[in-house]
Amino acid sequence: MRVADAPGKAILFGEHAVLYGAPAVAIAIDLRASFSVTNSETWILNGEEFNPMENPYLLPLISKFGDFESPLCLNIESKIPIAAGLGSSAALSVASALAISSKPQSIEKIARAAHHAEALAQGGRASPTDTSTSALGGVVVVAPSVIDSLEHRWAIDLESPEGSNHWDVHSLQIPENIAGLSLVIGYTGVPSSTKEMVEIVASRMTSDSFKSSMDEVSSLAQSSINLLKTGTPSMIGDAMNQCHSLLREIGVSSLELESLIDAALPFSYGAKLTGAGGGGCILALAKNPSACAKAIKEAGGVAFVTSIAQQGVQLKTN
Ligand code: PMV
């Protein structure tokens, strides 16, 4: 049996602004998705027969790393909530790419194949943020061009219905005092549609005031790269608070997100919505993680205490 697991992700800075030229700064989280593969007489997915030709996520991965003549029994287990902006589908794509492959593969090859599979399944549209972060672990910066101060991992190009896209994927090494901090994720329980939120934001970008808020989200994302290397937890928390106020002005917060932010803030250096917004999750840089998680639960959310997961995708058995 081959088992691989991979982490989900949360966006620390740059959501939405990444679509307007800013870097996205994402972290891998302790919630993981696991994918196991054994040889089988027929194709089985989670106990049920299935046709791999009809599974848009698995088809490109089996084509690349597997063999249609040798059926597999596949099992998925995931602790990452779905449609919460925590990269659950990317983590599964990354873990399945590694588990399906019978030969050793580089992290880059796994991340590329998983991104390609996500893009195919999503009508040609997928940024590599989720798949790269899940594959690499740690802090990952995805930007439209190379950032010299960071470790460049790879470049990805994608033809989407809107035209050509280019991304440069980097790893950001953070000092131990920051790497050791706890974050608390608060899930509203309300699903978030990235596609819908991106469209809403796009329709607002004709207004100067929305545009100037977006420019500020972009500058914060840019300056967060240095802040994460040299700043204190309070400075990072302040930047998260500022980022949240701007995202609220752009209109992607919600009553549920605001209520979880209010609950988390007394126990945190800072807190913000993470990902597309509208629903989904908040992310708090916690001073007191257990009190923060308790407050989020009392406010009606589901809380997960996490660190920045340094381990990206990994093969658990061979
Ligand atoms: O899908 P989520 O919730 O992790 O957030 C997507 C982040 C956006 O910037 C809104 C969209 C994107 O493709 O980067």
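Quick caveat, the model's predicted, so the values are computed rather than measured. (Residues numbered from 1 in each chain as written. Predicted model: local features only at pLDDT ≥ 70, side-chain atom pairs only at ≥ 80, totals over all residues. Heavy atoms only, no water.)

1. Quick notes on helix H7 (residues 208–230)
And step 1. End to end, H7 covers 33 Å across 23 residues, agreeing with the expected 33 Å (1.5 Å per residue, within 8%).
And step 2. The largest bend along H7 measures about 35 degrees and falls at Ser-224.
And step 3. Turning to H7, its buried residues number three or more, namely Ser-213, Met-214, Val-217, Ser-218, Leu-220, Ala-221, Ser-224, Ile-225, Leu-227 and Leu-228. (Helix = DSSP H or I, 4+ residues; strand = E, 2+ residues; numbered from the N terminus. Expected span 1.5 Å × (residues − 1). Bend = angle between axes of the 7 residues up to and from the residue. Buried < 20%, exposed > 50% of the residue type's maximum accessible area, 1.4 Å probe, protein only.)

2. Side note on the nonpolar core
And step 1. Counting 100 residues, the largest nonpolar core has Ile-27 and Leu-86 as its most contacted members.
And step 2. Two domains each provide a minimum of three residues to this core, namely domain 1 (2–175) and domain 2 (177–307).
And step 3. Discounting residues that sit within four places of it in the chain, Ile-27 has contacts with Gly-8, Lys-9, Ala-10, Leu-12, Thr-133, Gly-138, Val-139, Leu-183, Leu-283 and Ile-308. (Core = buried A, V, L, I, M, F, W, Y, C linked by side-chain atoms within 4.5 Å. Domains from an automatic or database assignment. Contact = heavy atoms within 4.5 Å.)

3. Quick word on empty space enclosed by the protein
Empty space among the atoms becomes visible once a probe the size of a water molecule is rolled across them.
And step 1. Within the structure shown, the criterion is met by one cavity of 30 Å³ or more.
And step 2. In this structure, the largest cavity spans a volume of roughly 70 Å³.
And step 3. Lining the largest cavity are Leu-12, Ile-27, Ile-178, Leu-181, Leu-183, Leu-228, Ile-236, Met-240, Leu-285 and Ile-308.
And step 4. For the lining of the largest cavity, a count of residues per class yields 10 nonpolar, no polar and no charged. (1 Å grid on protein atoms, 1.4 Å probe; cavity = no way out; pocket = protein on both sides within 12 Å on 5 of 7 lines; lining within 4 Å. Points joined across faces, edges and corners; volume = space filled by probe spheres on them. Nonpolar A, V, L, I, M, F, W, Y, C, P; charged D, E, K, R; others polar.)

4. Thoughts on the packing of aromatic side chains
And step 1. Counted under the stated rule, the structure contains two aromatic pairs.
And step 2. With centroids separated by 6.4 Å and ring planes inclined at 45 degrees, the aromatic side chains of Trp-43 and Phe-68 adopt a geometry described as tilted. On the criterion of sequence distance, the pair formed by Trp-43 in the loop between strand E2 (24–39) and strand E3 (44–45) and Phe-68 in the loop between helix H1 (58–65) and strand E5 (72–78) is long-range, its members being 25 residues apart.
And step 3. An aromatic cluster of three or more residues is present, and its members are Trp-43, Phe-50 and Phe-68. (Phe/Tyr/Trp six-rings, centres within 6.5 Å; stacked < 30°, edge-to-face > 60°.)

5. Structural notes on the packing of helix H9 (residues 255–264) against helix H10 (residues 289–298)
And step 1. In contact at an axis separation of 8 Å, H9 and H10 are set at 145 degrees when each is read in the N-to-C sense. Like other packed secondary-structure pairs, H9 and H10 cross with a definite hand, here right-handed. Contacts between H9 and H10 involve Leu-260, Ala-263 and Ala-264 from the first element and Cys-292, Ala-295 and Ile-296 from the second.
And step 2. The residue makeup of the contact of H9 with H10, split by class, is six nonpolar, no polar and no charged. (Axes fitted to C-alpha atoms, helices over the stretch in contact; angles between N-to-C directions. Left-handed = near helix turned anticlockwise from the far one by under 90°.)

6. Some words on the domain arrangement of the chain
The extent of an interface is frequently quoted as the accessible surface area lost upon association of the parts.
And step 1. Under the domain assignment used here, the chain contains domain 1 (2–175) and domain 2 (177–307).
And step 2. Placing a centre on the C-alpha atoms of domain 1 and another on those of domain 2 gives a separation of 23 Å.
And step 3. Counting each side, the surface lost to burial between domain 1 and domain 2 is near 2900 Å², with a carbon and sulfur contribution of 71%.
And step 4. Of all residues in domain 1, Phe-13, His-16 and Pro-175 bury the most surface against domain 2, accounting for 24% of the area lost on that side.
And step 5. If you look at where domain 1 meets domain 2, you find one salt bridge.
And step 6. Here Lys-272 ties to Glu-15 by a salt bridge, and the two come within 2.8 Å at their closest N and O atoms.
And step 7. Counting every contact that joins domain 1 to domain 2 gives 13 residue pairs in polar contact (both at pLDDT 80 or more).
And step 8. Secondary structure elements with two or more residues in the side of domain 1 that touches domain 2: strand E1 (2–13), E2 and strand E6 (139–143). (Buried area = accessible area lost by both parts, 1.4 Å probe. Salt bridge = Lys/Arg side-chain N within 4 Å of Asp/Glu carboxyl O. Polar contact = N/O pair within 3.5 Å; in protein donor to acceptor, adjacent residues only side chain to side chain.)

7. Quick word on the environment of Cys-243
And step 1. When you line up the elements, Cys-243 lands in helix H8 (residues 233–250).
And step 2. If near-sequence neighbours (up to four positions away) are discounted, Cys-243 is found in contact with Phe-13, Glu-15, Val-217, Leu-220 and Lys-272.

8. Let's talk about the sheet that holds strand E10 (residues 268–274)
And step 1. Strand order in the open sheet formed by four strands is E10-E11-E9-E12, and the pairing between neighbours is antiparallel. The open sheet is flanked by E10 and strand E12 (302–306), the only strands paired with a single partner. Looking at each pair of strands side by side, their axes are set apart by 20 degrees on average, direction ignored.
And step 2. Running at roughly 10 degrees to strand E11 (residues 281–286), H9 makes contact with strand E9 (183–187), E10 and E11 of the sheet. (Pairing = 2+ DSSP bridges.)

9. A short note on H10
And step 1. Buried within H10 we find Ala-291, Cys-292, Ala-293, Ala-295 and Ile-296.
And step 2. Where H10 is buried, its residues touch E9, H9, E10, E11 and E12.

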